[in-house]
Amino acid sequence: MLSMLPTASSGTPPSLDNCIIRIANGEEDALTTLYRQARTAVYGFALSIVKNVHDAEDILQDTFLVVWQKAGSYRPNGKPMAWLMTITRRLAIDRLREHTRTVPLSPEDWQTWLSERPDATQEDRLILSSLLEQLGDQERQIVILHALTGLKHREIAELLAIPLPTVLSKYNRALKKLQKSWKESD
């Protein structure tokens, strides 16, 4: 069993690595802490793949169930979010295989997802939703992964199994599209 790391000082959330190690030691409160810190990123990434709110919610729950079951096999290497996203991606791909087709993410689904962001105003939500609809699926995934999870482009390339130059190109192209659309909306 992994040795337990010290918990973070009061007021500072424990690191994701620390949470996963504590989960491996059977600490349920560490799972709660990890869930609170990573749920938005996991849900957003799942949603960007399956394009269905209900499936994304199921994948969110399944991801943390897998974390609980597999935390003992986690090896701390400074990339806990990449480990979580790998689990999420596998579950999402499995879900897509079950359905054998996807449907476009509806504006209502984006609104539901955006409504969970307490820092976003209604106007922000409408603008962001409108802008993200203009991106292709893979561009949207890359932008969401980078913006929500803070993953580096190299990690996104590994996660999506595409070359790093492709990730960089699609990310830059997506940002240009978003900037152009933003300027046109003013």
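Above this text is the structure in question.
Parameters and conventions
- Residues numbered from 1 in each chain as written.
- Predicted model: local features only at pLDDT ≥ 70, side-chain atom pairs only at ≥ 80, totals over all residues.
- Heavy atoms only, no water.
- Salt bridge = Lys/Arg side-chain N within 4 Å of Asp/Glu carboxyl O.
- Helix = DSSP H or I, 4+ residues; strand = E, 2+ residues; numbered from the N terminus.
- Buried < 20%, exposed > 50% of the residue type's maximum accessible area, 1.4 Å probe, protein only.
- Expected span 1.5 Å × (residues − 1).
- Bend = angle between axes of the 7 residues up to and from the residue.
- Phe/Tyr/Trp six-rings, centres within 6.5 Å; stacked < 30°, edge-to-face > 60°.

Colleague: Would you take a moment to explain the pattern of salt bridges for this structure?
Modeller: Side chains that carry opposite charge are capable of pairing whenever their charged atoms lie near each other. Taken as a whole and judged by the stated rule, the model has 8 salt bridges. Across the salt bridge formed by lysine 51 and aspartate 137, the nearest N and O atoms sit 3.4 Å from each other. Taken as a pair, lysine 51 in the loop between helix H2 (28–50) and helix H3 (53–70) and aspartate 137 in helix H7 (residues 137–149) lie far apart in primary sequence, 86 residues in all. A relative accessible area of 38% means that aspartate 137 is categorised as partly exposed. A cluster of three or more residues bridged by salt bridges with shared partners is formed by Asp55, Asp58, Asp62 and Arg95.

Colleague: Is there a simple way to think about H2 in this case?
Modeller: Residue pairs spaced three or four apart in an α-helix point in one direction, given the helix's 3.6 residues per turn. The terminal C-alpha atoms of H2 lie 28 Å apart, and with 23 residues this falls more than 12% below the ideal 33 Å at 1.5 Å per residue. Alanine 38 marks where H2 bends most, by close to 60°.

Colleague: I keep staring at the packing of aromatic side chains and nothing clicks. Help me out?
Modeller: Geometrically, a pair of aromatic rings is defined through the distance of the ring centres and the angle of the planes. If you walk through the whole model with that rule in mind, you get 2 aromatic pairs. Taking 5.0 Å as the distance between ring centres and 70° as the angle between the ring planes, the aromatic pair formed by tyrosine 35 and phenylalanine 64 counts as edge-to-face. Remark: phenylalanine 64 occurs in helix H3 and tyrosine 35 occurs in helix H2; sequence separation between them is 29 residues. On the basis of relative accessibility, which here comes to 26%, the residue tyrosine 35 falls in the partly exposed class. You can call phenylalanine 64 buried: its relative accessible area is 5%. Taken together, a centroid distance of 4.8 Å and an interplanar angle of 55° make the contact between tyrosine 74 and tryptophan 83 tilted. For tyrosine 74, a relative accessible area of 2% gives the class buried.

That is the geometry; function is a separate question.
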